[in-house]
Amino acid sequence: MGLPLMINNDDNNNNKVELSRVAVSDTHGEDSPYFAGWKAYDENPYDESHNPSGVIQMGLAENQVSFDLLESYLEKKNPEGSLWESKGSRGFRENALFQDYHGLKTFRQAMASFMEKIRGGKARFDPDRIVLTAGATAANELLTFILANPNDALLVPTPYYPGFDRDLRWRTGVRIVPIHCDSSNHFQITPEALETAYETARDANIRVRGVLITNPSNPLGATVQKKALEDLLDFCVRKNIHLVSDEIYSGSVFNASEFTSVAEIVENIDDVSVKERVHIVYSLSKDLGLPGFRVGTIYSYNDNVVRTARRMSSFTLVSSQTQHMLASMLSDEEFTEKYIRINRERLRRRYETIVEGLKKEGIECLKGNAGLFCWMNLGFLLNTNTKEGELELWDVILKELKLNISPGSSCHCSEFGWFRVCFANMSEKTLEIALKRIHEFMDRRRKVLNC
Amino acid sequence: MRLIVPLQGVVQGRGGLFVGSLIPCCLFYFLQLYLKRRRSPPPPDSDSTELPRTSSRSSLFTRGNSIGRVRVSSRASPLAKPPDSPYYIGLDRVKTDPYDRVTNRDGIIQLGLAESTLCFDLLQRWMSENLMDSLMMQSDVDGGFDVSSIAMYQPFEGLLEVRVAFADFMSRIMGGNVSFDPSNMVITAGGTPAVEVLAFCLADHGNAFLIPSPYYPGFDRDIKFRTGVELIPVHCRSSDNFTVTVSALEQALSQARKRGSKVSGILFSNPSNPVGNILSRETLHAILSFAQEKNIHVISDEIFAGSVYGDKEFVSMAEVAASGDFDKSRVHIIYGLSKDLSLPGFRTGVIYSFHEDVVSAAKKLMRFCSMPVPVQRILISLLSDTRFIEEYMAAHRQRIRDKHFLFVEGLKQLGIPCAESGGGLYCWVDMSSLLTSYSEKGELELFEKLLSVAKINATPGTACYCIEPGWFRCCFTALADEDIPVIMERIKLLAESSTS
């Protein structure tokens, strides 16, 4: 005989209105350590003058290093009037009413030209293949809706940006099957790893619809090699699946010659059935430091995808005001050339500062050449070579050093002890403080080990 | 059809055309069908055979047509086809030959888009005086412009200041008897994502919303596309001035249940679109009681709340929910500035919900459709300028009222009546006297004649799921006074040519 059931006679509870599976699911992933660290930061944020012992945010890939360039451009007095304002009443009227999902032609042309500049002119972009979305997050989700059905899968190389778990899966119902990469070859994608991932999906009766890569990689901070890209396209052709290349950090490659965009590879191919499986995602959030503007794009070589994405972009349009503001900025050749060049240089110097600072403490990073972060190896500090061991260390770093960094396990890394450390969302001074805290921690540790 | 290609070889064989082609065709077709069903993933694409690995890259990339065409999802396929609703067909046709009173007097006059340009002069003046300051309001230590105030990531649900500004604005334009809590509010990039996000939160794929018809054709796209949620029209009649009744809701719900459909909520617009009705407090109360009894959600799209010009006062569902004995958590409001403030291009939408889990989920979903920070800064300035807002809203209402009068009068002179309306940017016109046959077919014929002969784009009731033929939605708030006689003349000519 069991215990008597506790029957809840509260009418309200029995009559509680239902929500959808999407609303109650935790696929948004905000319970993972990736986001838990952000909460700790929100509660006790570092501030140079007001809160010097607060948590330094090194978990957010934001680019603040070139704000001064943006400011001076936006502030400058233009003979035709401010850049913000529409030209006269007709301009304003068009601006206020414009909600065409094709997007402003001048803005698309400006985006195409900017994307070409970043790739040093090695690939051409047709403005009519550009679909605008309110951020790259929306672009990735939209592409997933278009390329895959619920329960289909996209193959994604690990380690990957934790946000993908949410962006690619939450509303779409699509799965992610990881392509495991490891440090033995600097986490590059191999044909064997691709095949293994594909077989894994097939064995589980899951239909693979495409491969999604980030190039340069987040969290690795490194570009994908040209050969790896060619092998990847090869693989996608053979399996007859799509290839999505999220190139959101393409303008943040320290040395332009080290970046090969999938666009360059496709540029030399005439066969439509090969080209039309390739799609590129881009945004102004990282390279131009304007995440608040919500500007993303899908560039597709597939007419059907362009048409469909355009219609679906009604759910995530870029404000006419934003398009208007940025059209002139992005087509200003002088400004963009200068910005791209100086931004790259500053990011490179930041990267060198942090990597050298860490090296002095005996901490190695993956050799990186792009992005707003470095991929740091603290495997030697783990108590156990497990996920728990890694999270233990992460917790110590958060609570003792007051540094919010991102643990590799939240990026689905198959090796433990790796951490992503962002360095571009703070002043140089703050970066020095962060390095100082690490130095003190390692110092304490050395003393403990020596006695 | 790809199956035909390999059949060519078979058909070229001997035997009569019938025997030689049809039977092998059928056999081959059924064999493919059988194999298709038996095959497990990867895709049963007859062209995607595993090719031997080759070290020569160029040979693979120059293989021509022997590589299968890569496919898109079945979700995406309907989107790739051209639109079949007269709502969209009409909009597209206007683009091919748009009326301009100076340069193209014979063009198609747009009456199919609910937009207002009546108060642009006021808006333009405000923007020219305040835009710069509103964007560059934050300064850094040296007093210079601090770009980080508009460039950086901010909470996706919108800055607190913009939610406060919206809460205040909405309260004022909705009669002042209802207050909105900014923490129950989520700001979106337009009314379109607002509706979709709510649908994602309140219903599962395959569930349904009841929706009084005639309804705004855009809802078909906004709700159904990606969520897979169905819309079940609840037909309203001219005898009730197209106001929904509880008995109609009851009937629709029980029919849905018999069909095995799970109804998650009721969606309606107030002021209604396309009719322009203002729902009375009693009707709102009745709808909410019904929803409470059936334990379903209520979504009130109040995007035209500030565009009220009649004598009836507008009451928000939020006000009704807050009064009385209701479980508020089932009530959700949609708002935006596309209609009341004529800023559809800016992309400004609001989800307001009394259910904290819905607010929480919607906040997280905003990463896919949030309002850009610079636009938020502009709106904080604009909506907090209470003096301007008062002036603007008064002018907006007055000018709609005046235009409405002219338009409806013009139609009256032609013997064409309109439904009673007190809100929105359009009127609901009874053109049944011009129909050659009192049917959907007759209505679509009239729609085509209006487009091609009278050169007027008005949205036919069929596109809005209206059960009575002959009704058309005509939006008049982008017209100048001198356009109205032109329109009336064209309709008159059409009417005369129909009867002659």
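Residues numbered from 1 in each chain as written. Chains lettered and ligands numbered in written order. Predicted model: local features only at pLDDT ≥ 70, side-chain atom pairs only at ≥ 80, totals over all residues. Heavy atoms only, no water.

> How should the domain arrangement of chain A be read in this particular structure?
Interface size is commonly expressed as the accessible surface area that is lost when the partners come together. Residues and elements named next belong to chain A. Domain annotation for chain A reports domain 1 (33-67 + 336-444) and domain 2 (97-332). Between the C-alpha centres of domain 1 and domain 2 there is a distance of 26 Å. Counting residues at the interface gives 33 residues for domain 1, matched by 42 residues for domain 2. Both faces combined, the contact of domain 1 with domain 2 buries some 3,100 Å², and carbon together with sulfur accounts for 59% of it. Of all residues in domain 1, T336, R344 and N369 bury the most surface against domain 2, accounting for 24% of the area lost on that side. Along the contact surface separating domain 1 from domain 2 lie zero salt bridges. Counting across the interface, domain 1 meets domain 2 through 20 residue pairs in polar contact (both at pLDDT 80 or more). Going through the elements one at a time, α3 (33-43), α15 (333-360), β10 (373-377) and β13 (418-422) are the ones with two or more residues in the side of domain 1 that touches domain 2. Looking at the side of domain 1 that touches domain 2 element by element, the count peaks at nine residues for α15. Here the residues of the side of domain 1 that touches domain 2 sort into 17 nonpolar, nine polar and seven charged. (Domains from an automatic or database assignment. Contact = heavy atoms within 4.5 Å. Buried area = accessible area lost by both parts, 1.4 Å probe. Salt bridge = Lys/Arg side-chain N within 4 Å of Asp/Glu carboxyl O. Polar contact = N/O pair within 3.5 Å; in protein donor to acceptor, adjacent residues only side chain to side chain. Helix = DSSP H or I, 4+ residues; strand = E, 2+ residues; numbered from the N terminus. Nonpolar A, V, L, I, M, F, W, Y, C, P; charged D, E, K, R; others polar.)

> Looking at this structure, I do not really get helix α7 (residues 136-147) of chain A. What am I missing?
Each α-helix turn comprises 3.6 residues. Residues three or four places apart therefore point the same way. Helix length check: α7(A), at 12 residues, gives a terminal C-alpha distance of 16 Å against a target of 16 Å (1.5 Å per residue), a fit within 8%. Within the span of α7(A), buried status applies to A:A136, A:T137, A:A138, A:A139, A:N140, A:E141, A:L142, A:L143, A:T144, A:F145, A:I146 and A:L147. (Expected span 1.5 Å × (residues − 1). Buried < 20%, exposed > 50% of the residue type's maximum accessible area, 1.4 Å probe, protein only.)

> Before we go on, may I ask you to explain the pairing of strand β2 (residues 130-133) of chain A in this structure?
Every other side chain in a regular strand lies on the same face of the sheet, so the side chains alternate between the two faces. Residues and elements named next belong to chain A. Of the two faces of β2, both are covered, the one formed by I130 and L132 as well as the one formed by V131 and T133. The sheet contact formed by β2 and strand β8 (residues 296-300) spans four bridges and is antiparallel. Counterpart to I130 in the pairing with β8 is Y299. (Pairing = 2+ DSSP bridges.)

> How do you make sense of the state of the cysteines when you look at a structure like this?
What is meant by a disulfide is a covalent connection between two cysteines, made through their sulfur atoms. Residues and elements named next belong to chain B. Enumeration according to the criterion identifies zero disulfides over all chains in this entry. As a non-bridged cysteine, C119 has C475 as the owner of its nearest cysteine sulfur, 16 Å distant. Between C474, a cysteine without a disulfide, and C427, which holds the nearest cysteine sulfur, the sulfur-to-sulfur distance is 5.4 Å. (Disulfide = S-S within 2.5 Å.)

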